[in-house]
Amino acid sequence: MRSTTVRRVGFAALALATLGPLASCGDARDGDRGSLAALRSAERSTDHAESVRVRSTLRYGKALSLSSDGALRWDDGVTGHLTIRYTGGTLAAAMRKAGTSSLRARYLPDAYYARMSDTFARRAGGRHWIRYAYADLARGGDGLGMYLKDQMRNTTPNQSVKMLLASGDVRKVGAERVQGTAATHYRGRVRVADLTGRSGGLSARELAGLKRQLDQAGVTTETVDLWIDHRNLLVKKVERADTAQGSLVSTAFYRDYGVRITAEAPPASDTQDFTKLARSEGVTGTR
């Protein structure tokens, strides 16, 4: 298998692990006023917490299933780290074939880094870490890169709350317990077409490209379930969407808000930039 294919598979899997089905933000429309007010309080409290530990799973039809755990901080851009384990699906099989059954990801305000296996490094110039600069992601030309750049830089718990607020379609399900903690369960339905129109910063060409990508995936709507505790903090999130590749389900648990988190760029001698790797093998779509 060509190392470029593995890098692209790893990038797609990493994006899915981080983003879940979709993420966006906007202003709430008409809906359950009490639920909307509660979510606004949760959005503010979660934003002010500035950091959290996260544990999540994702299933994407027959293509991919994975689990991840780590910690993220968002007081000045996204900083943190995740360990991602590929547990099933065709994409996971491709990664395992290249000797990568899991990877470590580090997030810094200007880029994120993926640590690949020794087997991969031997095929890619001896360097283990791949750097994906957010500015480079925006240069893809079809809108998907710009979208991923925006969302990778805003991959925080309060973005899920904002997404549900943006839909305006929110209702209170009831009181439940999440890992022993009392929480209130809210559910809403998000229309993808509405949210992509609010992504912000996209040109007409980029927006058309993004919509084409979503249409090809077969995503039209998404169901979002959120659990908010007595501190108005998000403690669990489940997002579901139907796609052309099958159902997409992302589940995340959040704890230890306010935890101290540090992350550093890997050694430059062990890092290669994704755009350079892509150009060295004649891959288009980067500039």
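Okay, so let's go over this structure. All figures in this text were calculated on a predicted structure; none of them were measured in a lab.

A word on helix α7 (residues 157-167)
No. 1: Most of α7 is tucked away: 10 of the 11 residues are buried.
No. 2: Taken together, the buried positions of α7 are occupied by P157, N158, Q159, S160, V161, M163, L164, L165, A166 and S167.
No. 3: Phi turns positive one or two residues past the end of α7, at G168, with a value near 75 degrees.

What about the environment of S247?
No. 1: Within the secondary structure, S247 sits in strand β11 (residues 246-255).
No. 2: Each C-alpha atom, one on S247 and one on G61, is 5.1 Å from the other, the two residues being 186 residues apart in sequence.
No. 3: Ignoring anything within four residues of it in the chain, the contact list for S247 reads R59, Y60, G61, A241 and D242.

Things to note about the side chain of T79
No. 1: Note that T79 resides in strand β3 (residues 79-88).
No. 2: For T79, a relative accessible area of 5% gives the class buried.

Looking at the sheet that holds strand β10 (residues 234-243)
No. 1: The 12 strands are arranged β7-β8-β9-β10-β11-β1-β2-β3-β4-β5-β6-β12 in an open sheet whose pairing can be described as mixed. The two strands at the open ends of the sheet, each matched to only one other strand, are β7 (170-178) and β12 (271-273). Direction aside, the axes of adjacent strands within the sheet are offset by 20 degrees on average.
No. 2: In this structure, strand β4 (residues 102-108) lies alongside strand β5 (residues 111-115), joined through 5 bridges in antiparallel fashion. Bridge pairing links A105 to A114 in β5.
No. 3: On the sheet, helix α2 (residues 33-49) packs against β1 (51-60), β7, β8 (181-191), β9 (221-229) and β10 and is oriented at approximately 55 degrees with respect to β7.
No. 4: Running over the sheet, α7 touches β1, β7, β8, β9, β10 and β11 and is turned about 50 degrees from β8.

Examining the nonpolar core
No. 1: Core analysis: the largest hydrophobic core is formed by 48 residues, its most contacted members being L39, L64, Y86, L103 and Y107.
No. 2: Ignoring anything within four residues of it in the chain, the contact list for L39 reads V161, L164, L165, V170, Y186, L226 and I228.

Quick look at the side chain of K236
No. 1: Summarising the element assignment, K236 is placed in strand β10.
No. 2: Although buried, K236 forms no salt bridge, and the nearest oppositely charged side chain, E176, lies 6.3 Å from it.

Describing unusual backbone geometry
As a rule of thumb, non-glycine residues mostly have phi less than zero, and peptide bonds are mostly trans rather than cis.
No. 1: One non-glycine residue, N232, lies in positive phi territory at about 65 degrees.
No. 2: As for its position among the elements, N232 is in the loop between β9 and β10.
No. 3: Unlike most non-glycine residues, D256 shows phi in positive territory, near 55 degrees.
No. 4: The residue D256 is located in the loop between β11 and β12 in this model.
No. 5: Overall, the relative accessible area of 39% leaves D256 in the partly exposed class.

Considerations on the pairing of β4
No. 1: By the bridge criterion, 6 bridges tie β3 to β4 in an arrangement that is antiparallel. The partner of L82 across the bridge, within β4, is A105.
No. 2: If you look at the hairpin formed by β4 and β5, you'll find 2 residues sitting between the two strands.

Some details on the pairing of β9
No. 1: Counted residue by residue, β9 has 8 buried out of 9 residues, so it is predominantly covered.
No. 2: Pairing analysis gives 9 bridges linking β8 to β9, with the strands arranged antiparallel. Opposite A183, over in β9, you have D229 as the bridge partner.
No. 3: When β9 meets β10, the two strands line up antiparallel, connected through 7 bridges. Residue pairing across strands places E222 opposite A241, the latter belonging to β10.

Each value, and the rule that gives it
- Residues numbered from 1 in each chain as written.
- Predicted model: local features only at pLDDT ≥ 70, side-chain atom pairs only at ≥ 80, totals over all residues.
- Heavy atoms only, no water.
- Buried < 20%, exposed > 50% of the residue type's maximum accessible area, 1.4 Å probe, protein only.
- Helix = DSSP H or I, 4+ residues; strand = E, 2+ residues; numbered from the N terminus.
- Contact = heavy atoms within 4.5 Å.
- Pairing = 2+ DSSP bridges.
- Axes fitted to C-alpha atoms, helices over the stretch in contact; angles between N-to-C directions.
- Core = buried A, V, L, I, M, F, W, Y, C linked by side-chain atoms within 4.5 Å.
- Lys, Arg positive; Asp, Glu negative; His and termini not counted.
- Salt bridge = Lys/Arg side-chain N within 4 Å of Asp/Glu carboxyl O.

Everything listed here is a matter of geometry and, on its own, says nothing about what the molecule does.
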